[in-house]
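So you can see what is in the structure, the chains are spelled out below.
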Amino acid sequence: MYLGDYMIEEKVLGTVLTANKYMYNKISDLLSKYDLTFSEFSSLDIVSKIDAITVQKLARMINLTSGTMTYTINKLSKKGYLYRQKSETDSRVYTLHLS
């Protein structure tokens, strides 16, 4: 059945958004078993691939504000997953490493 380009795009977008929400909820349920949020898992995933990444670069990569990123890093540090290290070249910059 032809619904017109606009209606088809709207239906496809609705389906994609529904699937995205479903997958996000399933992933969140799985991560909660490990006491991790989606943001924490995303951070760990990137740090595992890019050792010594800066806090600022990580925040940009996962689209978090600096305040939210600091909160996330603090939680991961307390859980023993990662640690911060002060840059040798710039004392204002910290890099992240897996524990």
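Because the structure is a prediction, the values reported are computed rather than measured.

K.L.:
Quick question: what am I supposed to make of the overall build of the protein chain here?
P.N.:
When its secondary structure is counted, the protein chain shows four helices and three strands. For the protein chain, the succession of helices and strands along the chain, N to C, is α-α-β-α-α-β-β. Its C-alpha radius of gyration of 18 Å places the protein chain more than 25% over the 13 Å reference for a compact globule of 99 residues. Residues counted as buried form 23% of the 99 residues belonging to the protein chain.

K.L.:
Which parts of the structure should I look at to understand the nonpolar core?
P.N.:
Nonpolar side chains in soluble globular proteins generally cluster together in the buried interior. Grouped together as the largest cluster of nonpolar side chains are 15 residues, with contacts concentrated most on Val47, Ile53, Leu58, Met69, Ile73, Leu82 and Leu96. Elements supplying a minimum of two residues to this core: α2 (38-49), α3 (55-61) and α4 (66-78).

K.L.:
I would appreciate a short explanation of the pattern of salt bridges in the present structure.
P.N.:
Close approach of charged atoms lets side chains of opposite charge pair. Enumeration according to the criterion identifies five salt bridges in this entry. Where Asp45 meets Lys49, a salt bridge forms, and the shortest distance between an N and an O atom there is 3.2 Å. Separated by four residues within a single helix, Asp45 and Lys49 lie in helix α2, roughly one turn from each other. Look at Asp45 and you get partly exposed, because its relative accessible area is 29%. The class for Lys49 is exposed, based on a relative accessible area of 62%.

K.L.:
Any chance you could explain the packing of α2 against α4 here in plain terms?
P.N.:
When two helices pack together, their arrangement is given by the angle between the helix axes and the distance between those axes. Interhelical geometry of α2 versus α4 gives an angle of 80 degrees and a closest axis separation of 10 Å. Considering their axes alone, α2 and α4 lie roughly perpendicular with respect to each other. Residues Ser39, Glu40, Ser43 and Leu44 of α2 form the contact with α4, whose participating residues are Met69, Thr72, Lys75 and Leu76.

K.L.:
Looking at this structure, I do not really get the environment of Leu31. What am I missing?
P.N.:
One can find Leu31 in helix α1 (residues 5-32). Along the primary structure Leu31 and Ala19 are separated by twelve residues, whereas in three dimensions their C-alpha atoms are 18 Å apart. What Leu31 contacts, discounting residues up to four positions off in sequence, is Leu36, Thr37, Phe38 and Phe41.

Criteria and cut-off values
- Residues numbered from 1 in each chain as written.
- Predicted model: local features only at pLDDT ≥ 70, side-chain atom pairs only at ≥ 80, totals over all residues.
- Heavy atoms only, no water.
- Helix = DSSP H or I, 4+ residues; strand = E, 2+ residues; numbered from the N terminus.
- Rg over C-alpha atoms; globule rule 2.2 N^0.38 Å.
- Buried < 20%, exposed > 50% of the residue type's maximum accessible area, 1.4 Å probe, protein only.
- Core = buried A, V, L, I, M, F, W, Y, C linked by side-chain atoms within 4.5 Å.
- Salt bridge = Lys/Arg side-chain N within 4 Å of Asp/Glu carboxyl O.
- Axes fitted to C-alpha atoms, helices over the stretch in contact; angles between N-to-C directions.
- Parallel < 35°, antiparallel > 145°, perpendicular 65-115°, else oblique.
- Contact = heavy atoms within 4.5 Å.

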